[in-house]
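# Survey of secondary and tertiary structure
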Amino acid sequence: MPKTVRKHRRVAAVGAMTVLLASAATLPASAAASGKGVRPAVLKVPAQYPTVQAAVDAVPAGNTRPVTIKLAPGTYREKVRIGDEQHRISLVGTGGDRDDTVIVFDTPSGEPKPEGGTQGSSGSATVMVRGDDFTARNLTFVNDFDEAAHEISGEQALAVKTTGDRQFFEDVAFLGNQDTLMTDTPALTEVSRVYIRDSYIEGDVDFIYGRASTVIEDSVIKAISRGSTTNNGWLAAPSTWKDNPYGMLITDSEVISDAPDGSFHLARPWHPGGNPDAIGQLVIRETKLPAAIKAAPYTDMSGFSWREARFFEHRNYGPGAAPEGPDRPHLDPALADDFERADYLRGWNPC
């Protein structure tokens, strides 16, 4: 990850581009439904807009035209907020590698807000996406809050939080420690879908979590050591609505770790606010697991038993994999075809 902060050229937003985006909100509903057949608007950072957020702000609420925001290689130290009515936005790095274009900030959830209270998960996130039909490609998202350098209650520090539906991340890296990536929904009983492909995610405690129907495929997940010989963290903490059969799916991927053997958990069930209707669902299948994974890789959380959650493995391999047993629930082979990517994405295919 680049260590220097790019000095951006301060260029005023191009007026003609803003007019173009505003007129896009009047497109016919048939075109708006899919965005197909509609030439996307293209915004360039920093050539036309000095920051990523400035380009996002140029997209009007209720936008129905696809908008691609192209980011020149560099490090953008800023928070980015995409509103719940800002749809069909793509963030695309234009470098030769996803490491060439980085969006980074360093806010923890426990940081006080000027008006009182603390930042919480939404305030800590470097990038927050509430709008639907969002795409990110060839980028790295980072929360580089330094836990060791601060004494603070609330060290959770998100690189990305999403609540919108149809969120597609391809060739993207998510870097952080605790709570790196939160894929959520606007409310417990609502369903949002997230598809992450050919990407990299790293963290230590609950670093993939939330209640969205989330598919992580053909990706690398790094479980980072916290220096313990017995407990270095949890890979996932799903909080799926009890009536949603599809929470998280990790498939055809590889988990790597620098933690000692037998010191990292796969998951624990998160019940936000103690809500009993948030019953985590997670399937890890056809994925390589490292020796760092514990033989009993699931634990209770906040008084809720992991055995009441919906945690399953299927055809995993590597030194951290294990056969069916009391502490390693596996999918019934007869049901394996019901827990694949298409089941979680429910008719949405971004590819």
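Residues numbered from 1 in each chain as written. Predicted model: local features only at pLDDT ≥ 70, side-chain atom pairs only at ≥ 80, totals over all residues. Heavy atoms only, no water.

### Quick notes on the pattern of salt bridges
Going through the model one piece at a time under the given rule, you end up with 15 salt bridges. For R137, the salt bridge is made with E170, and the minimal N-O distance between the two is 2.8 Å. Highlighted residues: R137 in strand β8 (residues 134-143) and E170 in strand β10 (residues 167-175), separated in sequence by 33 residues. Taking the relative accessible area as the measure of exposure, R137 reaches 32% and is therefore partly exposed. What makes E170 buried here is its relative accessible area of 17%. The closest approach of N and O atoms between R285 and E286, which form a salt bridge, is 2.7 Å. By sharing partners, the salt bridges in this structure join D133, D165, R166 and R193 into a single network. (Salt bridge = Lys/Arg side-chain N within 4 Å of Asp/Glu carboxyl O. Helix = DSSP H or I, 4+ residues; strand = E, 2+ residues; numbered from the N terminus. Buried < 20%, exposed > 50% of the residue type's maximum accessible area, 1.4 Å probe, protein only.)

### Digging into unusual backbone geometry
Excluding glycine, residues mostly have negative phi values, and the peptide bonds linking residues are mostly trans. The amide bond that connects V45 to the next residue, P46, takes the cis arrangement and shows omega of 5°. Among the secondary structure elements, P46 is positioned in the loop between β1 (41-45) and α3 (52-57). At R88, a position not held by glycine, the phi torsion is positive, near 60°. Along the chain, R88 turns up in the loop between β4 (80-82) and β5 (89-93). For R88, a relative accessible area of 16% translates into the label buried.

### What about the confidence of the model for the protein?
For any part of a model where pLDDT is low, the fine detail of the predicted coordinates should not be relied upon. Across the protein, the average pLDDT comes to 91, with 89% of residues at or above 70. Low confidence marks residues 22-34, where pLDDT is under 50. Its contacts with residues over four positions away, or in another chain, come to 14 contacts. (pLDDT = per-residue confidence, 0-100. Contact = heavy atoms within 4.5 Å.)

### Considerations on the pairing of β10
A regular strand places its side chains on the two faces of the sheet in alternate fashion. Within β10, eight of the nine residues are buried, which leaves the element mostly enclosed by the surrounding structure. In this sheet, β10 lies alongside β8 in parallel orientation, the contact comprising eight bridges. Residue pairing across strands places V142 opposite L175, the latter belonging to β10. Relative to strand β12 (residues 193-197), β10 runs parallel, the two sharing four bridges. (Pairing = 2+ DSSP bridges.)

### Topic: the pairing of strand β18 (residues 248-251)
The side-chain alternation of β18 yields two buried faces, one formed by M248 and I250 and the other by L249 and T251. Alignment of strand β15 (residues 213-217) against β18, held across four bridges, turns out to be parallel. Its bridge partner being in β18, V215 is matched across the sheet by L249.

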